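So you can see what is in the structure, the chains are spelled out below.
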Amino acid sequence: MGMDSENNNLSRLQCSYASLDEAFEIGKETYRGQQYSHIYFARLHLMRTLLYSLVSQWKPQTPVCTVLGLEEGKECVIVGTLYKHMKLKPCILDEYSKERSAVPLVKPHNFMHDDDYLVLEDESGRVKLGGDLISPSVFVTGIVVALHGKETGAGDFSVLEVLEAGLPPQIEFPLKSREDKYIVLVSGLNVGSNNSNPLQFQLLIDHITGHLGDEKEQSIASQIVHVVIAGNSIDIPRGLTNGQNLASKDLSRIAEPIKELDILLNQIAAGLPLDIMPGPNDPANFSLPQQPLHRCLFPGSSAYNTFRSCTNPHSFELDNIRFLGTSGQNVDDLEKYSDAKDKLEFMERTLRWRHIAPTAPNTLGCYPYTDKDPFFIESCPHVYFVGNQDKYESRVIKGSEGQFVRLISVPRFSESGVAVVVNLRDLECHPLSFGTQFSS
Amino acid sequence: MASVSGSMKGFYRQKKNTTKSSKKAPANAKSDAPQLVSHADDDYSASEAMLRQFDMNMAYGPCAGMTRAARWERAQKLGLNPPQAIQTLLNSGKVQSESLWDGRI
């Protein structure tokens, strides 16, 4: 870091960057009309191999068997994929059984019901799960677990204990860094929406690029080494995207938000590395993993080598600290089908289940992979963030083998004016809020 | 239309459900493959029979929607040790590359 004594020029700190998004890129896959049975098979096989090795330490005396091999009254361990039968879950067949009405049926925000029950399934068969120790409100379809229990006379499997895969192994956190380096996480810019305030984002950009404040504030800004935008950067007016032919003035209205975003991102990319992830409202594909936003959308910013368009989910390393983040779809889907005290708890569960998006492909759109499941978490991240949430929240969770993860819920910037800053030295994080209210 | 003399029971053969009351629904009967009945217009050779056994083997996952070679590669990649003989047969090129369900379901 150089200080020119005459002009007092501050120079920005730097950090090493490595992208781990290769697993989420679909370029090499070819679609041959396959369905989703293959991704479920890959997931089951991958996680069952893992769980079998854990089961031998968890219940060394209890035999392991397949679902079809269950015998009544005999205690054993079974491993399989959970399926949650939900009464209120919307079913495509409802469109045919109910009368068509002009007004669509009101859909509840959460589809849980007291009558929901869990079923465990492997290649040989499926069995309904009973007992008080397994609560359907915590689980969702698509998780692979090991269950210890026994079959009852009624044909259910009465669960005594549940074993989840647990946090994956983590690479060591580099302890040698002594200086403060910050990464800024922001999401839900919604450029082009009626509710977004362009001044707020401009203030954020000015702060990051050091155009705001006195020397002290600028020196803080010079310690920001990276910016990640976690989805929903633009908001195209809804009426324009319903498939009808557009007049030329409407065509330019569609392009306005993205042009505006490019100009804004140009300012950031000129100063420091920037990663942009697609979100549910962005012009990218719908199903996970979302592919990087095309560089033709950013003619100005993509000229810089600091500008990186990334996949969603996004996995990368900064100074050997591993980051993993999504634009929110995984946690939002979990919220519809299960219950937790806060968003961070959903995030913690996905880590303990070792799967970023267990509800994919059941209720969350996903690519039909045939021989792998890229959402399986092999290595535990140090920082796990989810974008487009209602509010900023953060906490640290610990694993049984000394892993620790900073969980961060990044709020929608257009609504809250809050971005999140994480210190790479110790993974402390704090919100950075921008307001444009002037008290009279 | 067939004349229905007496009760309908003779028309539709009914089978008593003799299986034990169990909520388990076997997706496939045990580990040996189901009997493959050959019809006159459905001749297949011994190598096709071997490939059909490979298709039906649950250990290697679902077979519908992928070529046999791709499924063999997947089994190999996941460490399931599929028999080398199957791959040699598939590479020889004289056999059907798609699974037995191709075009049928």
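Our structure's up above, just so we're on the same page.
A brief look at the structure comes next. Bear in mind the structure is a predicted one, so any value in this text is a computation, not a measurement. (Residues numbered from 1 in each chain as written. Chains lettered and ligands numbered in written order. Predicted model: local features only at pLDDT ≥ 70, side-chain atom pairs only at ≥ 80, totals over all residues. Heavy atoms only, no water.)

Concerning the overall build of chain B
Logical step 1: On a plain count of helices and strands, chain B comes out with three helices and zero strands.
Logical step 2: Its helices and strands in sequence order give chain B the pattern α-α-α, from N to C terminus.
Logical step 3: Looking at chain B as a whole, 26% of its 105 residues are labelled buried.
Logical step 4: In chain B, the proportion of contacts linking residues at least 24 apart, taken out of those at least 6 apart, comes to 44%. (Helix = DSSP H or I, 4+ residues; strand = E, 2+ residues; numbered from the N terminus. Buried < 20%, exposed > 50% of the residue type's maximum accessible area, 1.4 Å probe, protein only. Contact = heavy atoms within 4.5 Å.)

Considering unusual backbone geometry
With the exception of glycine, the majority of residues adopt a negative phi angle, and the majority of peptide bonds are in the trans configuration.
Residue and element names in this part refer to chain A.
Logical step 1: Going from Leu288 to Pro289, the amide bond is cis rather than trans, its omega being -15°.
Logical step 2: Relative to the assigned elements, Pro289 resides in the loop between β9 (274–277) and β10 (307–309).
Logical step 3: Cis geometry is found at the peptide bond from Ala360 to Pro361, where omega equals -5°.
Logical step 4: Looking at where Pro361 falls in the secondary structure, it is placed in the loop between α7 (343–352) and β13 (383–389).

Some words on α7 of chain A
Residue pairs three or four apart in sequence face the same way in an α-helix, which turns once every 3.6 residues.
All names here are of chain A.
Logical step 1: Summarising burial for α7: eight of the 10 residues are buried, a large majority.
Logical step 2: Lys343, Leu344, Phe346, Met347, Glu348, Arg349, Thr350 and Leu351 are the residues of α7 that are buried.
Logical step 3: Residues of α7 that are buried in the fold lie against α6 (329–337), β13, β14 (393–398) and β15 (404–411).
Logical step 4: Phi for Arg354, located one or two positions after α7, is positive at around 60°.

Overview of the nonpolar core
Residue and element names in this part refer to chain A.
Logical step 1: Residues Leu120, Leu129, Leu147 and Phe157 are the most contacted members of the largest nonpolar core, which totals 49 residues.
Logical step 2: In terms of residues, this core owes the most to one element, α7, which gives four residues.
Logical step 3: Membership of the second largest hydrophobic core comes to 31 residues, among which are Ile258, Leu261, Leu265 and Phe307. (Core = buried A, V, L, I, M, F, W, Y, C linked by side-chain atoms within 4.5 Å.)

Some remarks on the packing of helix α1 (residues 46–56) of chain B against helix α2 (residues 68–77) of chain B
All names here are of chain B.
Logical step 1: Put simply, α1 and α2 touch, their axes get as near as 11 Å, and they point 50° apart. When the interaxial angle is binned, α1 and α2 end up oblique. Two packed elements cross with a definite hand, and for α1 against α2 that hand is left-handed. Mapping the contact onto sequence places Glu48, Leu51, Arg52, Phe54 and Asp55 in α1 and Arg68, Arg71 and Trp72 in α2.
Logical step 2: Partitioning the contact of α1 with α2 into residue classes produces three nonpolar, no polar and five charged. (Axes fitted to C-alpha atoms, helices over the stretch in contact; angles between N-to-C directions. Parallel < 35°, antiparallel > 145°, perpendicular 65-115°, else oblique. Left-handed = near helix turned anticlockwise from the far one by under 90°. Nonpolar A, V, L, I, M, F, W, Y, C, P; charged D, E, K, R; others polar.)

Examining the interface of chain A and chain B
Logical step 1: Counting residues at the interface gives 20 residues for chain A, matched by 19 residues for chain B.
Logical step 2: Summing the contributions of chain A and of chain B, the shared interface buries around 1700 Å²; its carbon and sulfur component is 60%.
Logical step 3: Across the contact surface, chain A and chain B share one salt bridge.
Logical step 4: The shortest N-O distance in the salt bridge between Lys77 of chain B and Asp371 of chain A comes to 3.3 Å.
Logical step 5: In this assembly, chain A and chain B are joined by five residue pairs in polar contact (both at pLDDT 80 or more).
Logical step 6: The greatest single-element share of the side of chain A that touches chain B, amounting to four residues, is contributed by helix α1 (residues 37–58) of chain A.
Logical step 7: Classifying every residue of the side of chain A that touches chain B by side-chain character gives five nonpolar, eight polar and seven charged. (Buried area = accessible area lost by both parts, 1.4 Å probe. Salt bridge = Lys/Arg side-chain N within 4 Å of Asp/Glu carboxyl O. Polar contact = N/O pair within 3.5 Å; in protein donor to acceptor, adjacent residues only side chain to side chain.)

Brief notes about the layout of surface pockets
Logical step 1: Estimates place the volume of the largest pocket at around 1100 Å³.
Logical step 2: Together, 40 residues line the largest pocket, and Ser37 and His38 of chain A together with Gly61, Pro62 and Cys63 of chain B are the ones closest to its centre.
Logical step 3: When contributions to the lining of the largest pocket are tallied by element, the ones reaching two or more residues are α1 and β2 (75–85) of chain A together with α1 of chain B.
Logical step 4: Looking at the lining of the largest pocket element by element, the count peaks at five residues for α1 of chain A.
Logical step 5: Looking at side-chain class alone, the lining of the largest pocket contains 15 nonpolar, 17 polar and eight charged residues. (1 Å grid on protein atoms, 1.4 Å probe; cavity = no way out; pocket = protein on both sides within 12 Å on 5 of 7 lines; lining within 4 Å. Points joined across faces, edges and corners; volume = space filled by probe spheres on them.)

Overview of the pairing of β13 of chain A
Residues and elements named next belong to chain A.
Logical step 1: For β13, the buried fraction is high: seven of the seven residues fall into the buried class.
Logical step 2: Here five bridges tie β13 to β15, and the two strands are oriented parallel to one another. Pairing of Val386 across the sheet is with Ser409, part of β15. (Pairing = 2+ DSSP bridges.)

Regarding the packing of α2 of chain B against helix α3 (residues 84–92) of chain B
Residue and element names in this part refer to chain B.
Logical step 1: Put simply, α2 and α3 touch, their axes get as near as 10 Å, and they point 150° apart. Between α2 and α3, the angle is such that the two are roughly antiparallel. Judged by the twist between their axes, the crossing of α2 over α3 is left-handed. Contacts from Arg68, Ala69, Trp72 and Glu73 in α2 reach Gln84, Ile86, Gln87 and Leu90 in α3.

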